[in-house]
Amino acid sequence: MTACTTSIHWHARPGEKQLAASEPTWTIEAVQALLDLPFMDLMFQAQSVHRAHWPAGEIELATLLSVKTGGCPENCGYCPQSAEFDTGVKAEKLMSVDEVTKAAQAAKDAGATRFCMGAAWRAPKDRDIEKINELVRAVKGLGLQTCATLGMLQPNQAQSLRDAGLDYYNHNLDTAPEYYQDVVSTRQYQDRLDTLQAVREAGISVCCGGIIGMGEETVHRAGLIAQLANMDPYPESVPINSLVRVPGTPMADSAPVDPLDFVRVIAVARITMPRARVRLSAGRQQLGEAVQTLCFLAGANSIFYGDKLLVTGNPDVQADTDLMGKLGLKGLSTFS
Ligand code: SAM
Ligand code: DTB
Ligand code: SF4
């Protein structure tokens, strides 16, 4: 492994000049050193990287829809949709093409350019994939970018989704490998990596990030970022979630994250993955306007947009429109 210092490293992306013979590798120590920088130095580095790679004042608006809610056989300790936890979320059937198309049209009318469909499955069956393909074709037909998050995929399933027109697949690593067994016991970290490889090989863009606030140490945050940044290539989209503490889940009583530590993680994601869309994801309701603003300054250039995440709340469209207006941020008018 090449030891990175805390100076800025760029991964060469398609169309970008190759700066090194091989992709730079981020050690956990180098990422941790970034997380430990004096706050102002970290923000300056992150904003400098951001300005070198992205237009200022532009933000991607991605709307989520839970197309198959609840009753999931996995036991992810943060998740209100696991059948193991008593969270009040009821298991529902897969939504119809009509219902999903209406929701996607409403998202587009509100200004979203990406529509992400989530399903509470451990892994879809082949017949589920056929139904999801119909949803993908319908949403894509509206002129939206499509994303899905359905659990573990086999290579043939990833290929089938790609053939239907799926642009992105969301599959989060959630935390560092060393902390993963404290989060979920019904699957292994390697299962996540295998699905990500199948997605990449099918030609679907990768959306992969994690959750901050699950009781992890700083070294685990560094471990997560190093995992993401060392993927070759690193994900096109990196959602950074702040844990939504849902009553009934094992993580309901986790200590709240210091908001400035959350901002640090966004900044380090930006520095280590300059061309990724870093998404300020779940947990915005508890962050407030000032902290969200710091996240944008740290390099976040995407949000989940719409009144609901999957089953929990999100700032409403009016609140986000107001905040974007105050900050001079504009939603994308076309995809990038
Ligand atoms: N079942 C699929 C899976 O696990 O990949 C897709 C849906 S799952 C809800 C998508 C992601 O949402 C999880 O990987 C996790 O990162 C995020 N998530 C779920 N519950 C959350 C919570 N309470 N707070 C923050 N993020 C959460
Ligand atoms: C991601 O990283 N966060 C989103 C999306 N990808 C699928 C999900 C957040 C879920 C928050 C809790 C809920 O509403 O279920
Ligand atoms: Fe199921 Fe996904 Fe929730 Fe885990 S995060 S319990 S796999 S819906």
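Computed from a predicted structure; not experimentally measured.

### A look at the site of ligand 3
Close contacts around ligand 3 come from Cys72, Glu74, Cys76, Tyr78, Cys79, Ser82, Ala120 and Arg187, and that covers them all. Looking at side-chain class alone, the shell around ligand 3 contains five nonpolar, one polar and two charged residues.

### So, the pattern of salt bridges
Overall, the coordinates contain eleven salt bridges when judged by the stated rule. The closest approach of N and O atoms between Lys326 and Glu289, which form a salt bridge, is 2.7 Å. Placement of Lys326 in helix α10 (residues 317-327) and of Glu289 in helix α9 (residues 284-297) is noted, with a sequence separation of 37 residues between them. Judged by its relative accessible area of 59%, Lys326 is exposed. A residue is classified by how much of its surface remains accessible, and Glu289, at 36% relative accessible area, is partly exposed. Because the salt bridges share partners, they merge into one network encompassing Glu60, Arg114 and Arg279.

### Quick word on the pairing of strand β1 (residues 58-68)
For β1, the buried fraction is high: ten of the eleven residues fall into the buried class. As defined by bridge partners, β1 adjoins strand β10 (residues 330-331) across two bridges and the pair is classed as parallel. Residue pairing for β10: Ile59 is matched across the bridge by Gly331. The pairing of β1 with strand β9 (residues 302-304) spans three bridges and is parallel. From the neighbouring strand, Leu61 faces β9, where its bridge partner is Ile303. As judged from the six bridges shared by β1 and strand β2 (residues 114-119), these two strands associate in the parallel manner. By the bridge assignment for β2, Leu65 is matched with Met117. The parallel pair β1 and β2 is bridged by helix α3 (residues 97-110), and the resulting crossover is right-handed.

### Details of the confidence of the model for the chain
This prediction gives the chain a mean pLDDT of 93; 92% of its residues lie at or above 70. Segment residues 1-21: pLDDT under 50, and 48 contacts once partners within four positions in sequence are set aside and those in other chains are kept.

### Concerning the pairing of β2
Two faces, one strand: in a regular strand the side chains alternate between the faces of the sheet. Counted residue by residue, β2 has six buried out of six residues, so it is predominantly covered. Covered by surrounding structure in β2 are Arg114, Cys116 and Gly118 together with Phe115, Met117 and Ala119, the residues of both alternating faces. Summarising the sheet, β2 and strand β3 (residues 145-149) pair through five bridges and their orientation is parallel. Residue Cys116 lies in a different strand from β3, and its bridge partner there is Cys147.

Analysis parameters
Residues numbered from 1 in each chain as written. Chains lettered and ligands numbered in written order. Predicted model: local features only at pLDDT ≥ 70, side-chain atom pairs only at ≥ 80, totals over all residues. Heavy atoms only, no water. Near = heavy atom within 4 Å. Nonpolar A, V, L, I, M, F, W, Y, C, P; charged D, E, K, R; others polar. Salt bridge = Lys/Arg side-chain N within 4 Å of Asp/Glu carboxyl O. Helix = DSSP H or I, 4+ residues; strand = E, 2+ residues; numbered from the N terminus. Buried < 20%, exposed > 50% of the residue type's maximum accessible area, 1.4 Å probe, protein only. Pairing = 2+ DSSP bridges. Right-handed = clockwise from strand over helix to strand, strands pointing away. pLDDT = per-residue confidence, 0-100. Contact = heavy atoms within 4.5 Å.

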